[in-house]
Amino acid sequence: MNIQKIGVIGAGQMGNGIAHVCALAGYDVLVNDISQEALDRATSQIDRNLARQVGRGLVTEADADAAKDRIKTTLTLADLGRTDLVIEAATERETVKDAIFRELVPHLKPETILTSNTSSISITRLASRTDRPERFMGFHFMNPVPVMQLVELIRGIATDEETYKACLGVVEKLGKTASSAEDFPAFIVNRVLVPMINEAVYVLYEGVGNVKSIDEAMKLGANHPMGPLELADFIGLDTCLAIMNVLHDGLADTKYRPCPLLTKYVEAGWLGRKTSRGFYDYRGEEPVPTR
Ligand SMILES: CC(=O)CC(=O)SCCNC(=O)CCNC(=O)[C@H](O)C(C)(C)COP(=O)(O)OP(=O)(O)OC[C@H]1O[C@@H](n2cnc3c(N)ncnc32)[C@H](O)[C@@H]1OP(=O)(O)O
Ligand SMILES: NC(=O)C1=CN([C@@H]2O[C@H](COP(=O)(O)OP(=O)(O)OC[C@H]3O[C@@H](n4cnc5c(N)ncnc54)[C@H](OP(=O)(O)O)[C@@H]3O)[C@@H](O)[C@H]2O)C=CC1
């Protein structure tokens, strides 16, 4: 299948990164969100990230300008009907994703491939509620998208080989590496990573360490590029909690119990960097631990 136009739904931190790398690879990209503010924020974030790449000599000015020209935005989901591949990257909530697919499907060309960047939700279940379970897949980028090499490709029970090959071709054109995961809660990366983050929150909750000591211990003691609490703030605490809930519900094992302290931060609206406060407070010059 010849993929030229890609639709991206959700203009948050993942959506803007996905639009950025797709446009840089030569695809025409149409980004949709429910808020004009989110679309505007995404456009300026893409401009900043492209300028950084130009500044480091990784991308030429001409390629960055061409990429910007290839990205268009829309508040009307139906406009994505013209695209060949849709990558849904809206909030990690199954009801939100279901509603998007329900509204979008009647406008799609029959051959369009529909994918979700979900971090954890069952691809088989999402696909089963659309008209094209055989042309539906998990297309899971890592954050920050312009930097991270991996894309997890997750086949639902009905996904056909042609769809998988077409998505693999896109990953290769993006210059990234695909890893195939079976469709079980949170797939590979988040099945391992997010319980580790949740455990770090338990370590904080139980007073074994404070925010600074936990992050320093894991950076210096395990060579992680970011401490687990800094990484949780980077991913978004709402997304981390949503992933733990999918693991807990989907695998029915108490070892995936979300830490009550993680729940409390989310209930406070302290979601990490995106709200300027989480395990760190980002409102000043330097991040300050909140515990
Ligand atoms: C939740 C899920 O479903 C799945 C997930 O994504 S889990 C999260 C996976 N991601 C991680 O684990 C990230 C862990 N952290 C890291 O790897 C590093 O800290 C990092 C790459 C983010 C930053 O690295 P660093 O060395 O501290 O910073 P820095 O030197 O400033 O940046 C390195 C590069 O990343 C780029 N970068 C950093 N943050 C960026 C961002 N938010 N967006 C785009 N680019 C970014 C920088 O521009 C720089 O690129 P160049 O050298 O090509 O210019
Ligand atoms: N954060 C991460 O590290 C990673 C996240 N993911 C996954 O990517 C997806 C997006 O995450 P992320 O970018 O972090 O989240 P963000 O909260 O940064 O962005 C989500 C965006 O989706 C928008 N949105 C909500 N509902 C709709 C809708 N009905 N139609 C269109 N847009 C909508 C939100 O708008 P508003 O703000 O107005 O609600 C927001 O702009 C999730 O499924 C997440 O699990 C995957 C890999 C890594």
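Structure first, text after, so check above.
Residues numbered from 1 in each chain as written. Chains lettered and ligands numbered in written order. Predicted model: local features only at pLDDT ≥ 70, side-chain atom pairs only at ≥ 80, totals over all residues. Heavy atoms only, no water.

## Thoughts on the pairing of strand β4 (residues 85-88)
Consecutive side chains along a regular strand alternate between the two faces of the sheet. Burial along β4 is two-sided: the residues Leu-85 and Ile-87 and Val-86 and Glu-88 are all buried. The pairing of strand β1 (residues 5-9) with β4 spans 4 bridges and is classified as parallel. Following the sheet pairing, Ile-6 is matched in β4 by Leu-85. Bridge analysis of β4 against strand β5 (residues 113-116) gives 4 bridges, and the strand direction is parallel. Paired with Val-86 across the bridge in β5 is Leu-114. Since β4 and β5 lie parallel, the crossover through helix α4 (residues 94-104) that links them has a hand, and here it is right-handed. (Buried < 20%, exposed > 50% of the residue type's maximum accessible area, 1.4 Å probe, protein only. Helix = DSSP H or I, 4+ residues; strand = E, 2+ residues; numbered from the N terminus. Pairing = 2+ DSSP bridges. Right-handed = clockwise from strand over helix to strand, strands pointing away.)

## Comments concerning the site of ligand 2
With respect to spatial proximity, 25 residues lie near ligand 2, and among them Asp-33, Glu-92, Lys-97, Ser-119 and Ile-235 are the closest. A distance of 2.9 Å separates an oxygen atom of ligand 2 from a polar atom in the backbone of Met-14. Ala-90 places a polar main-chain atom, nitrogen or oxygen, 3.2 Å from an oxygen atom of ligand 2. A total of 900 Å² of accessible area belongs to ligand 2 in isolation, and the protein chains cover 82% of it. Among the secondary structure elements, those contributing two or more residues to the shell around ligand 2 are α1 (13-24), α4 and β6 (136-141). (Near = heavy atom within 4 Å. Polar contact = N/O pair within 3.5 Å; in protein donor to acceptor, adjacent residues only side chain to side chain. Areas by Shrake-Rupley, 256 points an atom, 1.4 Å probe, with all protein chains shown as cover.)

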